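# Observations on chain architecture
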Amino acid sequence: MNRNPLVPFLLIAILGIGTMFFLSIKGLGDAEEIAAEHEGGGEEQASTEEFDPATFYASNCASCHGGNYEGGFGPALAGTELSAEKIKDILQNGQGQMPAGLVPEENLDAMTEWILTLE
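Residues numbered from 1 in each chain as written. Predicted model: local features only at pLDDT ≥ 70, side-chain atom pairs only at ≥ 80, totals over all residues. Heavy atoms only, no water.

An unreviewed UniProt entry lists the protein under the name Cytochrome c, with Mangrovibacillus cuniculi as the source organism.

Below, the structure is given as structure tokens:
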């Protein structure tokens, strides 16, 4: 007996269309939640979290300044001789390869103080 070669393709097409249909219904149910996030509903949770300079460093800065603050692509941060004002200026405006605005403005003071404590 010969099998019809179109049957597997037909089954896959039906499965794909059914999956798209059910995911569309799921998306319609989540539309209000998604709209609330875009209107600022999701920002309330982020603002209640406290800024942790060490965690921020590990996720955003360590790739250039090294895991132990020893430097690498960027300069060493441990034992820096820069003033607090200069560090804050660099964090805010960037310098060399460091991009400006990497640290959110409301966290500049906390990050500056943390960098000054590194040894």
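## Some remarks on the packing of helix H6 (residues 84-93) against helix H7 (residues 108-117)
The contact between H6 and H7 brings their axes to 9 Å, and the two run at 125 degrees. Taken together, the axes of H6 and H7 lie oblique to each other. Considering the relative orientation of H6 and H7, their crossing is right-handed. Between H6, through Ala84, Ile87, Lys88, Leu91 and Gln92, and H7, the contact on the second element is made entirely by Leu108, Asp109, Met111, Thr112, Ile115 and Leu116. Taken together, the residues that form the contact of H6 with H7 break down as seven nonpolar, two polar and two charged. (Axes fitted to C-alpha atoms, helices over the stretch in contact; angles between N-to-C directions. Helix = DSSP H or I, 4+ residues; strand = E, 2+ residues; numbered from the N terminus. Parallel < 35°, antiparallel > 145°, perpendicular 65-115°, else oblique. Left-handed = near helix turned anticlockwise from the far one by under 90°. Contact = heavy atoms within 4.5 Å. Nonpolar A, V, L, I, M, F, W, Y, C, P; charged D, E, K, R; others polar.)

## Some details on helix H1 (residues 6-29)
Along its 24 residues, H1 runs 35 Å from first to last C-alpha, staying within 8% of the 34 Å computed at 1.5 Å per residue. Counting buried positions over the 24 residues of H1 gives zero, only a small fraction of the element. (Expected span 1.5 Å × (residues − 1). Buried < 20%, exposed > 50% of the residue type's maximum accessible area, 1.4 Å probe, protein only.)

## A look at the UniProt feature "transmembrane region" (unreviewed entry) in the protein
The positions that UniProt labels "transmembrane region" (unreviewed entry) are, in the present scheme, residues 6-25. The span residues 6-25 shows a helical share of 100% and a strand share of 0%, and its end C-alpha atoms are spaced 29 Å apart. (UniProt positions renumbered as here; feature names shortened; annotations may be inferred.)

## Brief notes about the side chain of Thr112
For Thr112, the position within the fold is in helix H7. Setting aside anything within four residues of it in sequence, one finds Thr112 in contact with Ala84, Ile87, Lys88 and Leu91.

## Observations regarding unusual backbone geometry
Phi at Tyr69 is positive, roughly 65 degrees, even though this residue is not glycine. Mapping Tyr69 onto the fold places it in the loop between helix H5 (62-65) and H6. For Tyr69, a relative accessible area of 22% translates into the label partly exposed.

## Here we look at H7
If you check which residues of H7 are buried, you get Leu108, Met111, Thr112, Trp114 and Ile115. Seen along its axis, H7 keeps its buried residues to an arc of 165 degrees; they face one direction. Considering only its buried residues, H7 is in contact with helix H4 (53-60) and H6. (Arc of directions from axis to C-beta.)

## Things to note about the nonpolar core
With 12 residues, the main nonpolar core is built from Phe56, Tyr57, Cys61, Leu77, Ile87, Leu91, Val103, Leu108, Met111, Trp114, Ile115 and Leu118. The set of elements that each furnish at least two residues to this core consists of H4, H6 and H7. Per-element accounting of this core gives the leading share, four residues, to H7. If we ignore the near neighbours within four places in the chain, the residues touching Met111 are Phe51, Pro53, Phe56, Tyr57, Cys61, Leu91 and Val103. (Core = buried A, V, L, I, M, F, W, Y, C linked by side-chain atoms within 4.5 Å.)

## A word on the packing of aromatic side chains
Under the criterion given, the structure shown has five aromatic pairs. Between Tyr57 and Trp114 the ring centres are 5.5 Å apart and the planes differ by 50 degrees, which places this aromatic pair in the tilted class. Highlighted residues: Tyr57 in helix H4 and Trp114 in helix H7, separated in sequence by 57 residues. Side by side, Tyr57 and Trp114 carry an identical accessibility label, which is buried. Ring centres of Tyr69 and Trp114 lie 5.5 Å apart, and the angle between their planes is 80 degrees; this geometry places the pair in the edge-to-face category. Residue Tyr69 is located in the loop between H5 and H6, and its partner Trp114 is located in helix H7; the two are separated by 45 residues in the primary sequence. What makes Trp114 buried here is its relative accessible area of 16%. (Phe/Tyr/Trp six-rings, centres within 6.5 Å; stacked < 30°, edge-to-face > 60°.)

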